[in-house]
Amino acid sequence: MRLSSCFMPTLKENPAEAQVTSHRLMLRAGLIRQTSAGIYIWLPLGLRVMRKIEQIVREEQDRTGALEILMPTIQPAELWQESGRYEAYGKEMLRITDRHDREMLYGPTNEEMITDLFRATVKSYKDLPLNMYHIQWKFRDEIRPRFGIMRGREFLMKDNYSFDIDGEAGRISYNKMYVAYLRTFARLGLVAIPVRADTGAIGGDLSHEFQILADTGESTLYYDKEIENFDLVSLTGDIDPTTIEKLQSLYAMEEEKHDAENCPVAPEDLRCAKGIEVGHIFFFGTKYSDAMNAKVTGPDGNLIPVEMGSYGVGVSRLVGALIEANHDDNGIIWPEAVAPYKVGLVNLRIKDDDCTAACDDLYQKLTTAGVEVLYDDRDMGAGGKFADMDLAGLPWQLIVGPRGLKNGVVELKNRRTGHREELSLSDAVNKLGA
RNA sequence: CGGGGAGUGGCGCAGCCUGGUAGCGCACCUGUUUUGGGUACAGGGGGUCGCAGGUUCAAAUCCUGUCUCCCCGACCA
């Protein structure tokens with residue numbers, strides 16, 4: 001993508017409304033624009049990052065055998081009246097009336113809807129286990145939206161729902177998701193600690209939150225310091241079951257569940273930290289299947305209420321959380337897996353024909369090699385280009401100017417380490433294309 | 001919802017106390033200049049001062065109401 005024809009409205013100064021790092025950088029780097037409290041427009045670069053996160057989440061879901069569907073954002077009130085949550089959810093729920101005066105709502109989650117789908121279609125234990133997910137916008141009318149995208153009212157969430165014949169099978173489904181979440185966050189380059197959590201409004205008895213440690217986090221966690229030695233970021237691909245067992249045996253509790261007096265971890269080994277919740281999984285048994293009469297015929301011919309779990313990942317929140325975990329004073333530092341582009345090609349002298357010819361050629365060669373390049377072909381000073389490129393946080397900057405070209409070299413800068421090296425043009429292409 | 005703060009060009013702000021024809025920096029446009037970390041000079045465009053009402057010869061400025069946004073808290077994925 002040529003920057004001259006891209007839409008990346010960067011800001012030199014900090015917007016007054018943004019106090020938190022990720023919020024500030026997202027506005028400054030031109031990833032989002034706010035339209036009202038907790039509601040945002042996603043601009044090209046921000047959207048690209050979110051799509052990449054979404055795709056990683058999707059791949060790890062598909063890998064477990066979960067099936068992707070897409071449920072609507074607008075739901076009928078009846079379903080929620082049936083489960084009892086229409087009243088219980090209170091003002092957080094955005095309620096809408098259609099032209100026929102029918103009560104509708106903008107979905108904050110989809111347990112009712114999928115349970116309704118299930119009971120209408122699945123009749124036999126032979127169709128279990130079943131696990132379906134979707135990646136869809138949600139709306140929760142927060143009392144106080146804050147931290148930019150991280151606590152918005154409208155947000156993109158991956159949520160899935162497991163259906164099993166009994167509690168034992170349900171827990172197997174739950175553990176599958178637990179593992180999928182470890183893999184997902186590892187691929188994103190995030191250390192997300194699974195902590196035991198309260199089940200809250202969703203209900204049930206088994207629940208983990210996946211928390212990224214960050215000072216700006218809203219949750220307080222207590223955990224065994226041993227977890228810090230756990231190499232969570234390398235947990236991609238197939239994960240050894242004993243690793244899971246060991247991880248689950250280590251103490252990690254959300255504040256509400258932490259009991260200082262009965263804590264099995266010695267005080268000197270206990271850590272307390274703030275975390276950003278990026279995933280939450282629940283096993284809640286028959287809470288909704290009982291309320292909504294979702295039953296299947298078992299092997300003995302009798303009707304059995306189905307055992308359910310639900311599992312969420314805050315896809316849009318992850319964009320902010322990733323920035324909280326990956327930035328410096330100059331801007332964002334994207335992990336390669338989610339960077340909007342891999343390389344920023346910086347043409348230092350657009351009016352120099354040789355320089356521009358070299359850049360055009362590099363752009364074409366890299367693009368052909370399948371490398372995602374953001375080519376800064378704007379006619380402006382070098383300082384502004386460097387500043388924008390650091391702000392945007394692409395993993396690599398390929399800097400091309402007349403000075404280096406005279407010696408047949410370009411400069412490759414690693415955004416994260418700041419390390420620079422001079423390379424011939426062909427070496428640069430080979431290195432980035434590898 | 002309780003407490004605090006703020007709405008003046010795209011962004012950051014001054015002006016308000018003490019009413020008198022709206023200003024600065026950045027950004028933008030034109031030209032010259034400059035060119036490896038936000039170059040310099042000159043010229044230019046853009047704002048019914050959140051909205052509504054009131055006071056006054058006159059309101060960004062004073063009064064009343066209202067909306068919005070931000071921060072702290074409680075709540076929540």
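Rules behind the numbers
- Residues numbered from 1 in each chain as written.
- Chains lettered and ligands numbered in written order.
- Predicted model: local features only at pLDDT ≥ 70, side-chain atom pairs only at ≥ 80, totals over all residues.
- Heavy atoms only, no water.
- Salt bridge = Lys/Arg side-chain N within 4 Å of Asp/Glu carboxyl O.
- Helix = DSSP H or I, 4+ residues; strand = E, 2+ residues; numbered from the N terminus.
- Buried < 20%, exposed > 50% of the residue type's maximum accessible area, 1.4 Å probe, protein only.
- Near = heavy atom within 4 Å.
- Polar contact = N/O pair within 3.5 Å; in protein donor to acceptor, adjacent residues only side chain to side chain.
- Nonpolar A, V, L, I, M, F, W, Y, C, P; charged D, E, K, R; others polar.
- Pairing = 2+ DSSP bridges.
- Axes fitted to C-alpha atoms, helices over the stretch in contact; angles between N-to-C directions.
- 1 Å grid on protein atoms, 1.4 Å probe; cavity = no way out; pocket = protein on both sides within 12 Å on 5 of 7 lines; lining within 4 Å.
- Points joined across faces, edges and corners; volume = space filled by probe spheres on them.

A. Structural view of the pattern of salt bridges. One pass over the structure, following the stated rule, counts 34 salt bridges. Ionic pairing is found between Glu-218 and Arg-146, a salt bridge with its closest N-O pair at 3.9 Å. Residue Glu-218 is located in the loop between strand S10 (206-213) and strand S11 (219-224), and its partner Arg-146 is located in the loop between strand S7 (130-139) and strand S8 (154-164); the two are separated by 72 residues in the primary sequence. Residue classification places Arg-146 among the partly exposed positions, given a relative accessible area of 30%. Two residues, Lys-385 and Asp-376, come together in a salt bridge whose shortest N-O distance is 3.7 Å. Take Asp-376: its relative accessible area is 0%, and that puts it in the buried class. Three or more residues joined by partner-sharing salt bridges are found here, namely Glu-59, Glu-60, Arg-63, Arg-183, Arg-187 and Asp-238.

B. Examining the protein's contact with RNA strand B more closely. Within the structure, RNA strand B sits among 41 residues, and Arg-140, Arg-144, Arg-151, Glu-277 and Asp-390 are positioned closest to it. Each atom of RNA strand B within 4 Å of the protein was classed as base or backbone; sugar and phosphate made up 44%. In the model, a base nitrogen of RNA strand B is placed 3.1 Å from a nitrogen or oxygen of the Arg-146 side chain. Gly-401 has a polar backbone atom sitting 3.4 Å from a base oxygen of RNA strand B. Looking at the surface near RNA strand B, the elements that each hand over two or more residues are strand S1 (32-36), strand S13 (270-285), helix H11 (382-392), helix H12 (402-406) and strand S22 (409-414). Taken together, the residues of the surface near RNA strand B sort by class into 12 nonpolar, 10 polar and 19 charged.

C. Molecular detail of the sheet that holds strand S23 (residues 420-424). With respect to topology, five strands assemble into an open sheet ordered S20-S19-S21-S22-S23, the strand pairing being mixed. The open sheet is flanked by strand S20 (373-376) and S23, the only strands paired with a single partner. Strand-to-strand twist across the sheet, computed as the mean angle between neighbouring axes with direction ignored, equals 25 degrees. In the sheet, strand S19 (residues 343-347) pairs with strand S21 (residues 396-400) via five bridges, with the strands oriented parallel. Its bridge partner being in S21, Val-343 is matched across the sheet by Trp-396.

D. The arrangement of the layout of surface pockets in detail. Taken as a whole, the largest pocket spans an internal volume of roughly 1000 Å³. Surrounding the largest pocket, 44 residues form its lining, Arg-140, Arg-151, Glu-277, His-280 and Arg-317 being those nearest its centre. Counting residues per element, the ones that place at least two in the lining of the largest pocket are S8, S11, S13, strand S16 (307-314) and helix H9 (315-325). With seven residues, S13 is the largest single contributor of residues to the lining of the largest pocket. Across the lining of the largest pocket, the residue classes tally to 14 nonpolar, 15 polar and 15 charged. Roughly 280 Å³ of volume is contained in the second largest pocket. Lining the second largest pocket are 15 residues, and of these Leu-348, Ile-399, Gly-401, Arg-403 and Gly-404 lie nearest its centre. Per-class residue counts for the lining of the second largest pocket are eight nonpolar, two polar and five charged.

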